[in-house]
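# Per-entry structural report
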Amino acid sequence: MENISIVKQHEGHSLGSYRWSNNNLICNLQMEPLVYIDYETHDYNLHFNFGLQNNTEQAEQVTITMLQTNKPVPQIIWQSGSPNHRFTKSSLIIEPIPEGYKFDINIPSYGVIYLSNTMWSPLTPINQRFHELEKTNLLESIKYGLSANQQDLLAYKLFEKRDLSRPLICISSGSHPAEGDTIATIAIAEWLTTSGHQYTDIFDIIIVPILNPDGFIIGTNGCNTNGINFFWEFLNNEPEICPEAYYFWEFLKEFPPNVYIDFHSYSTQGKSKTFGPYVKPSALYCGSSVKDAAQKLARSLQTIPGSKAQTMFSPSSMPHKITQEFNTITFAKYHLHQRMGESGMRETALLTIQKIMDAIDPSQLQDQILSPYGSLNKTIIDNFFQKCFIGRYYLPKAIKKVLGF
Ligand SMILES: [Zn+2]
């Protein structure tokens with residue numbers, strides 16, 4: 001269609017092949033590799049993000065058809081007048097059709113509208129917000145490495161020098177760019193540098209808002225620029241293809257966290273998903289005091305009304321490797337849900353972090369703080385039981401695969 005053009009040169013652009021049929025724009029999603037790992041498949045190909053520009057004096061109406069099969073139909077289309085602002089909820093009506101779904105949009109004279117089926121949070125304003133907080137507050141950036149496309153990997157610490165009498169809490173987001181979960185780390189950073197400041201006298205805290213900066217630029221849903229979804233496949237020893245995992249791991253070796261929370265968010269999945277944490281079986285922690293602390297924290301998180309915990313195994317994933325190496329208590333992922341809206345996601349993230357901080361007894365974590373990592377710190381019994389535990393879960397899956405089910 002001559003009157004309308006698709007805007008492609010923007011941060012986060014994500015659209016597969018498309019064709020025009022009069023004023024109908026018929027689109028496919030941009031595809032990235034599926035994750036086949038730990039006998040499971042993860043498909044992150046859910047979202048689009050593109051601009052439409054009206055090149056005429058008259059307003060134009062376009063019908064957008066998104067082709068997809070066996071994927072959830074979104075309830076909300078998010079939009080923005082600029083690709084560098086967080087997208088807001090539109091009132092566009094989505095109609096499910098056998099081939100996927102469709103919706104109509106009016107584009108004003110010479111106007112540009114950016115559209116997505118996820119609450120897109122672009123990289124530039126997230127970085128700007130953290131730079132502002134750094135200038136005016138007690139938050140200091142650490143560049144811990146470079147992404148595959150040479151973007152800075154940035155962490156922000158809320159302490160001057162690591163104090164080993166205090167537990168270290170690491171909070172992250174932004175490994176799956178399309179999820180909008182950086183809302184959580186921004187809310188927490190703003191709170192900790194204002195009304196929640198007293199917690200920085202009890203805990204050392206590190207915030208990593210964007211684990212996967214390249215994905216925010218190239219518009220992937222879950223992968224880095226080399227097609228690695230490093231939450232599930234944490235290639236911490238392969239700096240060539242996954243520097244994001246490699247440098248994060250090196251950073252964690254320098255600052256081994258006692259508690260780690262990694263925020264994610266559901267988007268188009270609707271009511272089929274409920275917000276809440278992934279909780280690790282306590283057999284995967286070492287030492288009775290850390291096991292007890294992990295259970296206490298998990299119980300405290302489950303007092304958040306409406307949330308639902310899920311059990312997490314996945315030996316190749318980031319949180320599993322972190323606990324295996326550092327005995328870190330992880331809530332990774334903590335899933336928010338875009339259905340909550342921006343304010344609901346912010347409030348839930350703040351409640352989550354307060355529940356965790358209020359439930360921590362620093363004396364329970366002393367062993368973990370003072371001898372944080374290395375397999376040599378693990379007893380033979382812990383090692384044996386953890387291997388059996390994981391084996392018991394994965395053996396049936398391995399047998400099924402061999403038998404071709
Ligand atoms: Zn995610």
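Here the structure is shown first, and the text comes after it.
Residues numbered from 1 in each chain as written. Predicted model: local features only at pLDDT ≥ 70, side-chain atom pairs only at ≥ 80, totals over all residues.

## Some thoughts on the sheet that holds strand S7 (residues 60-67)
The strand order across the open sheet formed by five strands is S2-S3-S7-S11-S10, and the pairing between neighbours is mixed. Edge positions in the sheet fall to strand S2 (18-21) and strand S10 (95-97), since each has one partner strand and no second. Ignoring strand direction, the axes of neighbouring strands in this sheet form an average angle of 25°. Alignment of S10 against strand S11 (residues 100-107), held across three bridges, turns out to be antiparallel. Residue pairing in the sheet places Ile-97 in a bridge with Gly-100 of S11. (Pairing = 2+ DSSP bridges. Helix = DSSP H or I, 4+ residues; strand = E, 2+ residues; numbered from the N terminus. Axes fitted to C-alpha atoms, helices over the stretch in contact; angles between N-to-C directions.)

## Notes on helix H7 (residues 341-359)
Helix length check: H7, at 19 residues, gives a terminal C-alpha distance of 27 Å against a target of 27 Å (1.5 Å per residue), a fit within 8%. Among the residues of H7, Met-345, Thr-348, Ala-349, Thr-352, Ile-353, Ile-356 and Met-357 are the ones counted as buried. One side of H7 carries all its buried residues, which in axial view fall inside an arc of 165°. Residues of H7 that are exposed and point more than 90 degrees away from the buried face comprise Ser-343 and Asp-358. On the buried face of H7, the contacting elements are strand S15 (168-172), helix H2 (182-192), strand S17 (259-266), helix H5 (288-301) and strand S20 (329-337). (Expected span 1.5 Å × (residues − 1). Buried ≥ 20, exposed ≤ 12 C-beta atoms within 10 Å, placed from the backbone. Arc of directions from axis to C-beta. Contact = placed C-beta atoms within 7 Å.)

## A closer look at the nonpolar core
Judged by nonpolar contacts, the single largest core of 74 residues is most densely connected at Ile-188, Ala-189, Ile-207 and Ile-261. Formed by 20 residues, the second largest nonpolar core is a distinct cluster that contains Leu-52, Ile-107, Leu-115 and Met-119. (Core = buried A, V, L, I, M, F, W, Y, C linked by C-beta atoms within 7 Å.)

## Points about the packing of H5 against H7
H7 packs onto H5 with a crossing angle of 145° between their chain directions and a minimal axis gap of 9 Å. As H5 runs across H7, the sense of the crossing is right-handed. Taken together, the residues of H7 that come into contact with H5 (itself represented by Lys-296, Leu-297, Ser-300 and Leu-301) are Thr-352, Lys-355, Ile-356 and Ala-359. Taken together, the residues of the contact of H5 with H7 sort by class into four nonpolar, two polar and two charged. (Left-handed = near helix turned anticlockwise from the far one by under 90°. Nonpolar A, V, L, I, M, F, W, Y, C, P; charged D, E, K, R; others polar.)

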